[in-house]
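# Summary of structural features
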Amino acid sequence: MKTGLVRAKRKGNRRWLRWLVWSSVGLTGLCVVGLGIWLRGALYNRLVHFPREAAAWQELRAQRQPVATEDGWREYRGILHNHSEISHDCEVAFEEILRVLQVTGIDFIALSDHCVEGRADFNWQWRGVREGKLFIPGFEMQGGFMPFGVAAGVVLTNGTAPDTLARQIVTHGGLFFYAHPEEPRDWDLPELTGMEIYNIHTDFKRWEGGLGGLIPDLWLNLGRYPDHLYWQVFQRPVEFLRRWDELNRTRHITGIAANDAHQNVGFRGYYTANGSIRIEDTSPETLKEIRLNGITRALARLAFGPLEPDRMLFHAQLDPYERSARFVNTHVLARELSETAILDSLRAGRVFVGFDVIADSATFRWFAEDGTASAVMGESLVGSSDTRLRALSPLPCRFTLVKDGLRVGQSEGRAAEWKAVGPGKYRVEAELKVLGEWVPWVYANPIRLL
C-alpha cells in the first residue's frame, strides 16, 4: 500500500515536471516569436536593407568628380538652426561644437538657442572665427522667429509683438528666418528673409509611432548603421517646398536646411553614492532611480564593471552633434568666411541644401548665362533668347527644373542645360539613384530671370 502511494506520488511529480518543462518551452517559444515579430523590421534592416544601402552609398561616393568652378565665388559648408549649452534642452559646450566643426569639415555654424527666461541676448554665444570656424549667433524664439547675426549687445524678447520683433531684428543688422514651417506662421511679414525647407526634427516628430517606433532599430542598428537609421526617418519636404515656391512667386525667400542639433535624444546611467543606478536623459533630466539589492548589484557589476559612485555605467545617444551636423548641410557661395559675407549670401539666396550624409554635394552649381552675363542661384539676370540654365554635379544624378513652382524639365547625368522659357523664378533639384529609387540630394535656391 505504501509502495503504491510512493509510486503514484513519483508519477504525479514526473507529470508535473513534464508540464512545467513544456510550459516553459511553450512560453519561451511564444516570447521568441513575439520578439521576432517586434524586431522583424529592424532585423530586415540590419541583415538586408542597411548593408545594401551602405554599399550603394559607397558606390556613389566612389564616383565623385568635383566640378571645376570659375564663378568667382568660394563655397562654404554650414549648419543652421543649432543649439548649445545655453538652451534648456542641450548641454553641448561651445568647445565641443568647435571640435565637431573641425572633424566634419564644416566651415560655419549659425546658432539658434532657446531664449532664457524669454530673452535672446546676443552677447551670450560665441561669435566670429575660432580656429578657422565661423560662429554666427542666433536664437529660436516664440512663433518660429529665428534671427541670425543681430548686433552684439542687443537683447530681444519673446513678449514683443511679431511685427515689432521683425523690425527690431532687421534694424539691428540681423536676418529673420522662420523655423519649423509646419507650424502656423505669419508669412506676410515684409522683413522675412527666408525659411527652413528641411528640418531633421520635423521628420522625427512625424515618424510613425514616434521615437518609440524606432526602439527596435535603436537596439539592433544604432551601433552599426547610425546614419542609415537617421535616413530611415527622412521624408521629402513636399509641403515646405510648395510653401517656398508660393512665397517666391511674389517676393524673395531664401531656403535653408535646419540641422536642429541638440544631442538630447538619449539616456545614460550612473552608479550613485547611495547604491542605486540613476538613469537620466541627455537634456539632462533624471528619468528614474533604481535601488539595487544583493542580486541586482551583482548583476550590475557583471554587466558594467566596478560600481563606483558617480561612474557612468552606460550611454546611448541617437543624435550626437556630429551626426546631426553631417546629415544635411547648407552650402553658401560667398567672398570670404566672415559673418558679414555669409549673412549677405544667405540674404541673397546664394545657397543650396545638400544631404551630404549620402554623398558630398560640394561644388554643385546652378547658374544662368547668355554669353555676356551670368547669375548664380539667388541672383537675377535679364533673360533673352540666348539665355541658358545650367546645372553641374560632382555625381551622376537626375536634375529636375522647377519654374515658379511647376516642374518644367528633367535630365540625367553630371550636367543639365535648358533654354529659359520666359521670365520667372527657376530652381533645380537633384536626386541620386539608390537601390533603384531616386532619392533627394540637392535643393538649390532659385535664379530670377527678368
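Everything below is about the structure shown above.
Below is a short write-up of the structure. If you're wondering where the values come from, they're calculated on a predicted model, not measured in any experiment. (Residues numbered from 1 in each chain as written. Predicted model: local features only at pLDDT ≥ 70, side-chain atom pairs only at ≥ 80, totals over all residues. Heavy atoms only, no water.)

### What about the overall build of the protein chain?
Where we set the bar: Under the DSSP-based scheme used, a helix requires at least four consecutive residues in state H or I and a strand at least two consecutive residues in state E, with every element numbered from the N terminus. Residues are treated as being in contact if the distance between any of their heavy atoms lies within 4.5 Å. Method for areas: the Shrake-Rupley scheme with a 1.4 Å probe, in which residue coverage is limited to the protein chains shown. When charges are counted, Lys and Arg contribute as positive and Asp and Glu as negative, whereas His and the chain ends are disregarded. We put the charge of a Lys on NZ, of an Arg on CZ, of an Asp on CG and of a Glu on CD.
In terms of regular secondary structure, the protein chain is built from 10 helices and 26 strands. When its C-alpha atoms are laid out on the principal axes, the protein chain stretches across 115 × 50 × 40 Å. Considering only intrachain contacts with a sequence separation of at least 6, the fraction spanning at least 24 residues in the protein chain is 68%. For the protein chain, the exposed area adds up to about 21100 Å²; of that, 54% sits on carbon and sulfur atoms. Side-chain charges in the protein chain split into 54 positive and 54 negative, and the spacing between the mean points of these groups amounts to 13 Å.

### A short note on the nonpolar core
Rules: Side-chain atoms within 4.5 Å are what join buried Ala, Val, Leu, Ile, Met, Phe, Trp, Tyr and Cys residues into a set we call a nonpolar core. Only protein chains enter the area calculation, which uses a 1.4 Å probe; residues under 20% of their type maximum are buried, those over 50% are exposed, and those in between are partly exposed.
In this structure, Phe 364, Trp 366 and Leu 432 are the most contacted members of the largest nonpolar core, which totals 79 residues. Ranked by size, the runner-up nonpolar core spans 19 residues in total, among them Phe 108, Met 146, Ala 334 and Ala 341.

### As for the sheet that holds strand β12 (residues 254-258)
Quick reminder of the rule: A strand pair is defined by DSSP finding two or more bridges across the two strands. What counts as an axis is a line fitted to C-alpha atoms, over the stretch in contact for a helix, and the angles between N-to-C directions run from 0 to 180 degrees.
Strand order in the open sheet formed by four strands is β8-β10-β11-β12, with mixed pairing between adjacent strands. Each of the sheet's edge strands pairs with one partner strand only, and the pair in question is β8 (145-148) and β12. Pairs of neighbouring strands in the sheet enclose a mean axial angle of 35°, with direction left out of account. One ladder, built from four bridges, connects β8 with strand β10 (residues 175-178); its direction is antiparallel. Of the residues in β10, the one forming a bridge with Pro 147 is Phe 176. The sheet strands contacting helix α3 (residues 162-171) are β8 and β10, and the helix crosses β8 at an angle near 15°.

### Describing the pairing of strand β6 (residues 133-136)
Of the two faces of β6, both are covered, the one formed by Lys 133 and Phe 135 as well as the one formed by Leu 134 and Ile 136. Note that strand β2 (residues 108-111) and β6 share three bridges and pair parallel. Along β6, the bridge assignment pairs Ala 110 with Ile 136. Here strand β5 (residues 128-130) folds back onto β6 in antiparallel fashion, the turn holding two residues, of which Glu 131 has a positive phi close to 50°.

### Re the pattern of salt bridges
In plain terms, the rule: For this analysis, a salt bridge means a side-chain nitrogen from Lys or Arg found within 4 Å of a carboxyl oxygen belonging to Asp or Glu.
For the structure shown, the criterion picks out 28 salt bridges. For Glu 431, the salt bridge goes to Arg 236, with nearest N and O atoms at 3.0 Å. Here Arg 236 lies in the loop between α6 (226-232) and α7 (238-248) and Glu 431 lies in strand β24 (residues 424-434), a separation of 195 residues in the sequence. Taken together, the shared-partner salt bridges in this structure form one network comprising Glu 96, Arg 99, Asp 227, Glu 322, Arg 323 and Arg 326.

### Let's talk about the pairing of β12
Counting buried residues in β12 gives five out of five residues, a clear majority hidden from the surface. The alternating pattern of β12 places Thr 254, Ile 256 and Ala 258 on one face and Gly 255 and Ala 257 on the opposite face, and all of these are buried. In this structure, strand β11 (residues 194-199) lies alongside β12, joined through five bridges in parallel fashion. Directly across from Tyr 198, in β12, lies its bridge partner Ala 257.

### Things to note about the side chain of Asp 121
Applied cut-off: Polar contact is defined as a pair of N or O atoms within 3.5 Å, subject to the rule that within protein one atom must be able to donate a hydrogen and the other to accept it, and that residues adjacent in sequence are counted only when both atoms are side-chain atoms.
Considering the arrangement of structural elements, one finds Asp 121 in strand β4 (residues 119-121). Put simply, Asp 121 is tucked away with no salt bridge, and the nearest opposite charge, on Arg 119, sits 4.1 Å away. A distance of 2.9 Å separates a polar side-chain atom of Asp 121 from the backbone nitrogen of Asn 123. Ignoring any residue separated from it by four or fewer positions in sequence, one finds Asp 121 in contact with Phe 139, Val 154 and Val 155.

### Things to note about the side chain of Asp 245
Relative to the helices and strands, Asp 245 resides in helix α7. On the basis of relative accessibility, which here comes to 11%, the residue Asp 245 falls in the buried class. The residues contacting Asp 245, other than those within four sequence positions of it, are Val 402, Gly 405 and Arg 427.

### Side note on the environment of Leu 292
Relative to the helices and strands, Leu 292 is located in the loop between β15 (286-291) and α8 (294-304). In sequence terms Leu 292 and Ala 273 are 19 residues apart; their C-alpha atoms lie 12 Å from each other.

### What to know about a nonpolar patch on the surface
Selection criterion: Only residues above 30% relative accessible area that lack a salt bridge enter a patch, with like-charged residues linked at up to 9 Å and the nonpolar side chains Val, Leu, Ile, Met, Phe, Trp and Tyr linked at up to 5 Å.
There is a patch of nonpolar side chains on the surface, built from Trp 38, Ile 215 and Trp 219 and spanning about 360 Å² of accessible area. Mapped onto the elements of the fold, Ile 215 is located in helix α5 (residues 215-221). Classification of Ile 215 as partly exposed rests on a relative accessible area of 42%.

All quantities given are derived from atomic positions and should not be read as evidence of function.
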